[in-house]
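Each chain is listed here by its residues.
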Amino acid sequence: MLTKNSSTNHPANVLRSLLAKEHAITIFSKKTTKPLSAEVINLDLDTGQFDLSVNYHKSDIDTYIYQEHLSFDIEIASGAQEDKTEIYNFEKVKANLRNKMPTRGRALHSGVSRGGTNPLYPRHECACQYRGLLR
């Protein structure tokens, strides 16, 4: 039951409860085989608007948005059994790409610096933010 002080956006509350647990977020697209790790950096419980921060190594970040929609999974480790996970899928969420920023030489979310001269990692790393809307 909703109380007067609670948010009226149920999907945003579901997302908030998932984010309160140990989790990993992955953005995916049918146009590419490489999923991207992401992090929710802002969530408005009243409007359902949220921002995802993403680091990527490709110049075609726009392929993850299709007809102004984005799909992502949230993976949560099961508390009872460490080798099992629960995956929650958010598909075709209204979204747009807010900005792109070069991150050459900066540490990524994993804590590993991927700039520099290592040939395994391209120098055109970027970060971006998606803004989504849950309804």
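Everything discussed here concerns the structure shown above.
Heads up: these notes are all about the structure in this document. (Residues numbered from 1 in each chain as written. Predicted model: local features only at pLDDT ≥ 70, side-chain atom pairs only at ≥ 80, totals over all residues. Heavy atoms only, no water.)

Quick look at the overall build of the chain now. Helices and strands together make up the secondary structure of the chain, namely 1 helix and 6 strands. In the chain, the order of α-helices and β-strands from amino to carboxyl end is α-β-β-β-β-β-β. For the chain, the residues scored as buried account for 34% of the 135 residues in total. Here the analysis covers contacts within the chain between residues at least 6 apart in sequence; of these, 65% occur between residues at least 24 apart. Here the chain has roughly 8,800 Å² of accessible surface; of this, 50% comes from carbon and sulfur atoms. (Helix = DSSP H or I, 4+ residues; strand = E, 2+ residues; numbered from the N terminus. Buried < 20%, exposed > 50% of the residue type's maximum accessible area, 1.4 Å probe, protein only. Contact = heavy atoms within 4.5 Å. Areas by Shrake-Rupley, 256 points an atom, 1.4 Å probe, with all protein chains shown as cover.)

Here we take up the nonpolar core. Nonpolar side chains in soluble globular proteins generally cluster together in the buried interior. Ranked by size, the top nonpolar core spans 24 residues in total, and within it Ile27, Leu52, Leu70, Phe72, Ile74, Phe90 and Tyr130 carry the most contacts. Secondary structure elements with two or more residues in this core: helix H1 (10-19), strand S1 (23-28), strand S2 (36-43), strand S3 (49-56), strand S4 (69-77), strand S5 (85-102) and strand S6 (126-133). (Core = buried A, V, L, I, M, F, W, Y, C linked by side-chain atoms within 4.5 Å.)

Another aspect to go through is the pairing of S3. Burial of S3 is extensive: 7 of the 8 residues sit out of reach of the surface. Relative to S3, S2 runs antiparallel, the two sharing 5 bridges. Bridge pairing in S3 links Glu39 to Ser53. (Pairing = 2+ DSSP bridges.)

The final tally for this structure, using the stated rule, is 1 salt bridge. For the salt bridge of Glu68 with Lys94, the shortest nitrogen-to-oxygen distance reads 2.7 Å. Here Glu68 is found in the loop between S3 and S4, whereas its partner Lys94 is found in strand S5, with 26 residues between them in sequence. Look at Glu68 and you get partly exposed, because its relative accessible area is 49%. (Salt bridge = Lys/Arg side-chain N within 4 Å of Asp/Glu carboxyl O.)

This part is about the environment of Ala77. Here Ala77 is to be found in strand S4. Looking at Ala77, the relative accessible area reads 46%, which means it is partly exposed. Here the alpha-carbon distance between Ala77 and His23, two residues 54 residues apart in the chain, equals 7.1 Å.

Within the fold, Ala12 resides in helix H1. Counting along the chain gives 38 residues from Ala12 to Phe50, while the straight-line C-alpha distance between them is 8.5 Å. With near-sequence residues (within four places) excluded, Ala12 lies in contact with Leu43, Asp44, Leu45, Gly48 and Leu134.

This part is about unusual backbone geometry. Positive phi outside glycine occurs at Gln67, with the angle close to 50°. By relative accessible area, which is 59% here, Gln67 ends up exposed. The phi angle at Lys92 is positive, at roughly 55°, despite the residue not being glycine. Here Lys92 shows up in strand S5. According to the relative accessible area criterion, Lys92 is exposed, its value standing at 59%.

Moving on to the packing of aromatic side chains. Scanning the model with the defined rule gives 2 aromatic pairs in all. Geometrically, the ring pair formed by Phe72 and Phe90 is stacked, given 4.9 Å between the ring centres and 5° between the ring planes. Of the two residues, Phe72 sits in strand S4 while Phe90 sits in strand S5, which places them 18 residues apart along the sequence. (Phe/Tyr/Trp six-rings, centres within 6.5 Å; stacked < 30°, edge-to-face > 60°.)

Purely spatial values, then, with no claim about function.
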